[in-house]
Amino acid sequence: MTDDASVAGEPDARAPDTRAIDDLLDDIYRAQERVDQAEIYRQAVAAELPPDLLARIDALPEGEYAVDEASDLLGGSIG
């Protein structure tokens, strides 16, 4: 048995903000290794993320990010 909250049937122990960011990044990076800040923001708007998360994404410096870089900067748990 593991402590991994992603095991089927167990509740997701991540905070709502972390879960929203992780889900967004999972979707965006599914077929790409690097994505630019503008695309992350566009996808976040399309996913109707809360304004505080949109502000965090909008504050990222322009440029391309690997999923672990974006996750670290946005407070996600992917990496």
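For the structure, see preceding data.
The following refers to the structure shown. Just so it is clear, the model here is predicted, and its values are computed rather than measured.

## Concerning the overall build of the protein chain
So, point 1. If you tally the helices and strands in the protein chain, you get four helices and two strands.
So, point 2. The helix and strand sequence of the protein chain, counted from the amino end, reads α-β-α-α-β-α.
So, point 3. Within the protein chain, the fraction of its 79 residues that count as buried is 29%.
So, point 4. Within the protein chain, residue pairs in contact and separated by at least 24 positions form 53% of the contacts whose partners lie at least 6 positions apart.

## Quick notes on the side chain of Ser71
So, point 1. Take Ser71: it is sitting in helix H4 (residues 67-74).
So, point 2. Given the relative accessible area of 0%, Ser71 is considered buried.

## What to know about the nonpolar core
So, point 1. Ranked by internal contacts, the top residues of the largest apolar core, which has 17 residues, are Leu24, Tyr29, Ile40, Leu49 and Ile57.
So, point 2. Listing elements by their share of this core, those giving two or more residues are helix H1 (16-28), helix H2 (37-46), helix H3 (51-58) and H4.
So, point 3. The leading source of residues in this core is H1, at four residues.
So, point 4. Leaving out residues up to four positions away in the same chain, Ile57 has contacts with Leu24, Gln37, Ile40, Tyr41, Ala44, Leu49 and Leu74.

## Section: the pattern of salt bridges
So, point 1. Here the structure, examined in full by the defined rule, presents five salt bridges.
So, point 2. A salt bridge links Arg30 to Asp27, with the nearest nitrogen and oxygen atoms 3.3 Å apart.
So, point 3. Note that Arg34 is salt-bridged to Glu64, the shortest N-O span being 4.0 Å. Of this pair, Arg34 sits in strand S1 (residues 34-36) while Glu64 sits in strand S2 (residues 64-66), placing them 30 residues apart in sequence.
So, point 4. Because the salt bridges share partners, they merge into one network encompassing Arg34, Glu64 and Glu69.

Cut-off values and rules
- Residues numbered from 1 in each chain as written.
- Predicted model: local features only at pLDDT ≥ 70, side-chain atom pairs only at ≥ 80, totals over all residues.
- Heavy atoms only, no water.
- Helix = DSSP H or I, 4+ residues; strand = E, 2+ residues; numbered from the N terminus.
- Buried < 20%, exposed > 50% of the residue type's maximum accessible area, 1.4 Å probe, protein only.
- Contact = heavy atoms within 4.5 Å.
- Core = buried A, V, L, I, M, F, W, Y, C linked by side-chain atoms within 4.5 Å.
- Salt bridge = Lys/Arg side-chain N within 4 Å of Asp/Glu carboxyl O.

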